[in-house]
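Chain residues, written in single-letter form:
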Amino acid sequence: AGLTKLDHAVNAALFLAFVAVRNGDRVGLVVFADGVKSFVAPAAGRAQYRKIVDTLYSAKPHLTYVDYVALFKELDVRLLRRSMLAVFTDFLDEDQASTMIEPMRRLAKRHVPVCLSVKDVALTQLLETNPGDAELAYQHAVASELLLERESLKRKISQHGVRLLDVDPDALSLAAVNTYLEIKARGTL
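None of the values given here were measured: they were computed from a predicted structure.

Quick notes on the rules
- Residues numbered from 1 in each chain as written.
- Predicted model: local features only at pLDDT ≥ 70, side-chain atom pairs only at ≥ 80, totals over all residues.
- Heavy atoms only, no water.
- Helix = DSSP H or I, 4+ residues; strand = E, 2+ residues; numbered from the N terminus.
- Buried < 20%, exposed > 50% of the residue type's maximum accessible area, 1.4 Å probe, protein only.
- Arc of directions from axis to C-beta.
- Polar contact = N/O pair within 3.5 Å; in protein donor to acceptor, adjacent residues only side chain to side chain.
- Pairing = 2+ DSSP bridges.
- Contact = heavy atoms within 4.5 Å.

A.B. asks: Explanation requested: the environment of Phe18 in the structure shown.
C.D. replies: Within the fold, Phe18 resides in helix H1 (residues 5-22). Separated by 77 residues in sequence, Phe18 and Asp95 have C-alpha atoms that sit 34 Å apart.

A.B. asks: Mind showing me how you'd approach helix H3 (residues 68-78) here?
C.D. replies: Given 3.6 residues to a turn, an α-helix orients residues that are three or four positions apart in the same direction. Restricting attention to buried positions, one finds in H3 the residues Tyr68, Leu71, Phe72 and Leu75. Down the axis of H3, the buried side of the element spans an arc of 90°, and every buried residue falls inside it. In H3, the exposed positions angled more than 90 degrees off the buried face are occupied by Lys73 and Val77. Two or three places before Val69, at the opening of H3, Asp67 has a side-chain oxygen 3.3 Å from that residue's backbone nitrogen.

A.B. asks: Before we go on, may I ask you to explain the pairing of strand E2 (residues 36-43) in this structure?
C.D. replies: Regular strands have side chains that alternate between both faces of the sheet. Bridging between strand E1 (residues 27-32) and E2 involves five bridges; their strand directions are antiparallel. Bridging across to E2, Phe32 finds its partner in Val36. Taken together, E1 and the strand that follows it, E2, pair antiparallel across an intervening segment of three residues.

A.B. asks: I would appreciate a short explanation of the environment of Ala176 in the present structure.
C.D. replies: Along the chain, the position of Ala176 falls in helix H8 (residues 172-186). Its relative accessible area of 1% is what places Ala176 among the buried residues. When the C-alpha atoms of Ala176 and Glu149 are compared, they prove to be 23 Å apart, with 27 residues separating the residues in sequence. Not counting residues up to four positions away in its chain, the partners in contact with Ala176 are Leu16, Phe88 and Leu116.

The values are spatial; any link to function lies outside them.
Below, the structure written as structure tokens:
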């Protein structure tokens, strides 16, 4: 619908921040890629929401190595209170994404991590078509392999006390907020 995966993640993060601020919770933000790009320390109130909006909308996407280790080191140092960590990410490469497993597992001892990802609808749609020629058959094979890698990675992440949501783009915002509300209702923060 003209929105990228990043657009959906930004919208979901903003909706989640809005609901958390409205509930009186402290909310922060980290924008990361090959390192931490921006950090907004957790705070409460409408002014905090405005800071988050400004920071997210000034973030520029670029294809690069994602340094999960640097992200989680930063969070480990800066977050002193038990927190829900909503990590919006994409699993483009199993080798790269697997670097998040161990640091996230360590953080799960002190915090409540939630990994949120947008399903790749294009891959799923491709697999629903009939491979009529050799080129399409090759595309099917690649799409199938990518989805299998993604499922394997999701299982590995979920084994370590990390809630993982891999949802359709249009469901990301609601899934993030519902997870936050469920965690709050259980009193695990």
